[in-house]
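Residue-level structure breakdown
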Amino acid sequence: MIEPDFVRTTRASYDTVAVNYAELLDGQLQNKPFDRAMLTAFADVVKAADGGPVAELGCGPGLITAHLHSLGLAIRGIDLSPKMVAVARQRHPELQFDEGSMLDLDLPDESLRGVLAWYSIIHTPPEQLPVMFAEFHRVLAPGGHLMIAFKVGDELRHLAQGYGHEISLDVYWLSPDRVAELASHTGMVEVGRLVRRADPDEKGPQGFFLARKPGKA
Ligand SMILES: C[S@@+](CC[C@H](N)C(=O)[O-])C[C@H]1O[C@@H](n2cnc3c(N)ncnc32)[C@H](O)[C@@H]1O
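Quick summary incoming for the structure in this document. Since this is a predicted model, take the numbers as computed values, not measurements.

1. Here's the deal with the site of the ligand
Surrounding the ligand, one finds 19 residues, the nearest of these being Glu56, Gly58, Asp79, Met102 and Trp118. Between the ligand and tyrosine 21, the relevant distance is 3.3 Å, taken from an oxygen atom to a side-chain nitrogen or oxygen of the residue. One of the backbone N or O atoms of methionine 102 is found 2.9 Å from a nitrogen atom in the ligand. Relative to its free-state accessible area of 600 Å², the ligand is covered by the protein chains to the extent of 97%.

2. Description of the environment of leucine 24
Here leucine 24 lies in helix 1 (residues 5-25). Leucine 24 sits 139 residues away from tyrosine 163 along the chain, and the two C-alpha atoms are 7.7 Å apart.

3. Looking at the packing of aromatic side chains
Taken as a whole and judged by the stated rule, the model has 6 aromatic pairs. Relative to phenylalanine 208, the ring of tyrosine 119 lies with its centre 6.4 Å away and its plane at 80°, an arrangement referred to as edge-to-face. Placement of the pair is tyrosine 119 in the loop between strand 4 (112-118) and helix 5 (129-139) and phenylalanine 208 in strand 9 (residues 206-212), with a sequence separation of 89 residues. Residue classification places phenylalanine 208 among the buried positions, given a relative accessible area of 1%.

4. Here's the deal with the pairing of strand 5 (residues 140-151)
With respect to burial, strand 5 is a largely interior element, 10 of its 12 residues being buried. Where the polypeptide runs from strand 4 across helix 5 and back to strand 5, its parallel neighbour, the crossover connection is right-handed. Pairing between strand 5 and strand 9: 7 bridges, direction antiparallel. Within strand 9, the residue paired with methionine 147 across the bridge is leucine 210.

Reading guide: rules and limits
- Residues numbered from 1 in each chain as written.
- Predicted model: local features only at pLDDT ≥ 70, side-chain atom pairs only at ≥ 80, totals over all residues.
- Heavy atoms only, no water.
- Near = heavy atom within 4 Å.
- Polar contact = N/O pair within 3.5 Å; in protein donor to acceptor, adjacent residues only side chain to side chain.
- Areas by Shrake-Rupley, 256 points an atom, 1.4 Å probe, with all protein chains shown as cover.
- Helix = DSSP H or I, 4+ residues; strand = E, 2+ residues; numbered from the N terminus.
- Phe/Tyr/Trp six-rings, centres within 6.5 Å; stacked < 30°, edge-to-face > 60°.
- Buried < 20%, exposed > 50% of the residue type's maximum accessible area, 1.4 Å probe, protein only.
- Right-handed = clockwise from strand over helix to strand, strands pointing away.
- Pairing = 2+ DSSP bridges.

Take a look at the structure:
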């Protein structure tokens, strides 16, 4: 498969910022009670539906992966950026992290009980998102859950600087209805959603969306 430009630039940007990104985000979850509540809800519904393997797709340095592991999930991380994967492995040697793209996952059909995409769909052009959501649906077992975190809006913002470096990252802000539509087009059913206002370190409202793949767990 020929790799699209946006995948190459996203990987290169996160390779550049990996170490600083991890340092900057360290401990931030403690100041985000709504985000932690959604992660706890995700962990609880996955465990209630029989537990089983979970993946954080676009896991970056593994901060959220490790948090969900501490909540009792059997979770691994997958990310586009080899530098992010290296940082995640160094910080959390007890967990498994691998390189991979959410547009073409190297995972068997119906092999996961939970998929988490925490601010990782945000760099993908909207017209490519159906491919990504089809992958989420393919790798989830019936009864499995999908959790998405995203930036709420309807625009593209380009980042030429970030985490102390020159980068080139497109960030797509999405409406919660659009995220719900992407999931429902694959056959998944919405469980719940949350939109919260921006914290002082953020540029706009943040969205969280939970869906379930129908079928018996
Ligand atoms: C904003 S960071 C979020 C990292 C982590 N989920 C967190 O919240 O700390 C976005 C991450 O998604 C990854 N990513 C973006 N597009 C991806 C794709 N197509 N496949 C896999 N990972 C991707 C990037 O490499 C980056 O590490």
